[in-house]
Amino acid sequence: MWKRKGLITNHSKLRHRRFQCPVVDTENDGFWRIYYSFRDGHNRSYTTFFDVEPGYPKNVLGVSYSSILEHGNLGQVDTHGAMATSIMTVDDTKFLYYIGWSRRIDVPYFNTTCLATHKIGDDKDWGDKNGTTPIFKKYGPILSPDHIDAGYSGTMRPFYDDETNMFYGFYLSCNDWINIDNLQEPIYDIKRVKSLDGWNWIKENLTIVPLEEGEGGISSANVVQFGPNDYKMWYSVRGKDNFRCGIKEEKTYRIKYSESDWINNWSRGTDESLFLLPTSDPWDWDGVMTCYPYIIKHENTLFMFYNGNRFGESGIGYATYEY
């Protein structure tokens, strides 16, 4: 059963008003690096990080206040924001997948799944406790609108499958917008892409996690393989309407999961012990919302890093699951 461990960090440590989409890089020497996104006064997204002790993430070793991804020039897909969604190491290069934010006239915003890379060892001194900050070179959009996705693409976390020697990416696919109380809200599910190298992705036109009755969005899908023919996926699900109000738990983001005996066929999980359940106290930091999970394996324990109420305004916390 998942055990909540509480907040890692919040406003008192990181001076930002939002700490969205934690992304955890465990492949470092002596620390885990947790990337997250924050907003400025114009609601533009930036990505930065802090470092924690492996296995004990409440022990914060160092904090960065500098953005690691520059915004694009006018007309580019990331003019108004660059939000990290996942990271993996391939040979001597770190692949940081991120969402590029741009604004439109017909709808409030448009997202594009992008990639930036960092060659290990190519750092610069910036004088903080950590000593270095990574230099990420933006590669550009990797998932664009086409006949499969007429709308935008968002969060994606790659998963390497030993059985097929293939990378699979499970990504947010926006397929519609609806008007709710004079606000335009996106509708999105989870689709899949595949790749041999992590750079070039092929869309498969497979909806892996479809929307169910009353749902309006599914995001931040994470796959963990427990053994042969035993896969589980965690993600956050919200309702179509009233999901921003912060008081109706059945409408706000909640973390749920699906399971599969092979990565093509998924079904919603029935074991409630694998859900990240609501807290009993609605005034707790994650009492009415849990969202944007990021899961890593460490020894015999899963660590789930996630956001709570108000889409990350309450901070970043974690839970553990021993298996």
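Residues numbered from 1 in each chain as written. Predicted model: local features only at pLDDT ≥ 70, side-chain atom pairs only at ≥ 80, totals over all residues. Heavy atoms only, no water.

Colleague: Whenever I open this one, the overall build of the protein chain confuses me. Can you help?
Modeller: The secondary structure content of the protein chain amounts to 2 helices and 22 strands. On C-alpha atoms alone, the protein chain measures out to a radius of gyration of 18 Å, which is about the 20 Å that the 2.2 N^0.38 rule sets for 323 residues. Viewed in the frame of its principal axes, the protein chain has a C-alpha envelope of about 50 × 45 × 45 Å. Taken over 323 residues, the protein chain has a buried fraction of 56%. Of the contacts made within the protein chain by residues no fewer than 6 positions apart, 51% connect residues no fewer than 24 positions apart. (Helix = DSSP H or I, 4+ residues; strand = E, 2+ residues; numbered from the N terminus. Rg over C-alpha atoms; globule rule 2.2 N^0.38 Å. Buried < 20%, exposed > 50% of the residue type's maximum accessible area, 1.4 Å probe, protein only. Contact = heavy atoms within 4.5 Å.)

Colleague: Would you mind showing me how to read the pairing of strand E21 (residues 301-307) here?
Modeller: Across a regular strand the side chains alternate sides, sitting on one face of the sheet and then on the other. The buried fraction of E21 is high, at 7 of 7 residues. Burial along E21 is two-sided: the face carrying Thr301, Phe303, Phe305 and Asn307 and the face carrying Leu302, Met304 and Tyr306 are both buried. Summarising the sheet, strand E20 (residues 291-298) and E21 pair through 6 bridges and their orientation is antiparallel. Looking at the pairing, cysteine 291 lines up with asparagine 307 of E21. Hairpin connection, E20 to E21: the antiparallel pair is bridged by 2 residues, and glutamate 299 has positive phi, about 55°. Bridge count for E21 against strand E22 (residues 316-322) is 7 bridges, and the pairing is antiparallel. Paired with methionine 304 across the strands is alanine 319, a residue of E22. (Pairing = 2+ DSSP bridges.)

Colleague: Quick question: what am I supposed to make of the sheet that holds E21 here?
Modeller: Adjacent strands of a sheet form backbone hydrogen bonds with each other and so pair up, either parallel or antiparallel. Pairing in this open sheet of 4 strands is antiparallel, and the strands run E1-E22-E21-E20 from one edge to the other. At either end of the open sheet lies a strand with only one pairing partner, and these are strand E1 (3-9) and E20. Neighbour-to-neighbour, the strand axes of this sheet turn through a mean angle of 25°, independent of strand direction. (Axes fitted to C-alpha atoms, helices over the stretch in contact; angles between N-to-C directions.)

Colleague: Sorry, what's going on with unusual backbone geometry here?
Modeller: Backbone geometry follows two general trends: most residues other than glycine have a negative phi, and most peptide bonds adopt the trans configuration. Positive phi values are uncommon outside glycine, yet asparagine 182 reaches one of about 65°. Within the secondary structure, asparagine 182 is located in the loop between strand E13 (166-180) and strand E14 (183-195). If you check the backbone angles, asparagine 229 has positive phi at about 60° while not being a glycine. Of note, asparagine 229 is situated in the loop between strand E16 (215-227) and strand E17 (230-239).

Colleague: Quick question: what am I supposed to make of the environment of threonine 252 here?
Modeller: In this structure, threonine 252 sits in the loop between E17 and strand E18 (254-262). Here threonine 252 falls in the buried class, since its relative accessible area comes to 1%. Along the backbone, threonine 252 and asparagine 242 are 10 residues apart, and their C-alpha atoms lie at a distance of 7.4 Å. For threonine 252, the side chain forms a polar contact with the main-chain oxygen of valine 288, separated by 2.4 Å. (Polar contact = N/O pair within 3.5 Å; in protein donor to acceptor, adjacent residues only side chain to side chain.)

Colleague: For this particular structure, what's the right way to read the packing of aromatic side chains?
Modeller: Evaluation of the coordinates by the stated rule reveals 29 aromatic pairs. Seen in terms of ring centroids, tryptophan 2 and tyrosine 321 are 5.4 Å apart; in terms of plane orientation they differ by 45°. Their pairing is tilted. Of this pair, tryptophan 2 sits in the segment before E1 while tyrosine 321 sits in strand E22, and the two are 319 residues apart along the sequence. For the pair tryptophan 2 and tyrosine 321, a shared accessibility class is recorded, and that class is buried. On the basis of an interplanar angle of 80° and a centroid distance of 4.6 Å, the ring pair of tyrosine 139 and tryptophan 199 is categorised as edge-to-face. Within this pair, whereas tyrosine 139 is found in strand E11 (residues 137-143), its partner tryptophan 199 is found in the loop between E14 and strand E15 (202-209), the two being separated by 60 residues in sequence. Here the aromatic cluster, defined as three or more aromatic residues joined through ring pairs, consists of Trp2, Phe226, Trp234, Tyr257, Tyr321 and Tyr323. Seen from the ring of tryptophan 101, arginine 39 lies directly overhead, with NZ or CZ sitting 5.4 Å from the centre. (Phe/Tyr/Trp six-rings, centres within 6.5 Å; stacked < 30°, edge-to-face > 60°. Lys NZ or Arg CZ within 6 Å of the ring centre and 35° of its normal.)

Colleague: What should I look at first to understand the confidence of the model for the protein chain in this one?
Modeller: When pLDDT drops low, the exact placement of atoms in the prediction is not to be read closely. Residues at a pLDDT of 70 or more form 91% of the protein chain, whose mean pLDDT is 88. Across residues 125-131, where pLDDT falls below 50, the model places 18 contacts with residues more than four positions away in sequence or in other chains. (pLDDT = per-residue confidence, 0-100.)

Colleague: Could you clarify how one ought to interpret the pairing of strand E8 (residues 110-119) in this entry?
Modeller: For E8, the tally of buried residues reaches 9 of 10 residues, placing the bulk of the element in the interior. Across 5 bridges, the pairing between E8 and E11 is antiparallel. Pairing of threonine 117 across the sheet is with lysine 137, part of E11.

Colleague: What is the right way to look at the pattern of salt bridges in this model?
Modeller: Oppositely charged side chains are able to pair whenever their charged atoms sit close together. Taken as a whole, this structure holds 15 salt bridges when the rule is applied. The partner of lysine 203 in a salt bridge is aspartate 146, and the shortest N-O contact between them spans 3.3 Å. With lysine 203 in strand E15 and aspartate 146 in the loop between E11 and strand E12 (153-161), this residue pair connects regions lying 57 residues apart in the sequence. By relative accessible area, lysine 203 is classed as buried at 16%. By relative accessible area, aspartate 146 is classed as partly exposed at 32%. Put simply, lysine 203 and aspartate 149 hold a salt bridge, and the shortest N to O gap is 2.7 Å. Here lysine 203 is found in strand E15, whereas its partner aspartate 149 is found in the loop between E11 and E12, with 54 residues between them in sequence. Here aspartate 149 falls in the buried class, since its relative accessible area comes to 1%. (Salt bridge = Lys/Arg side-chain N within 4 Å of Asp/Glu carboxyl O.)

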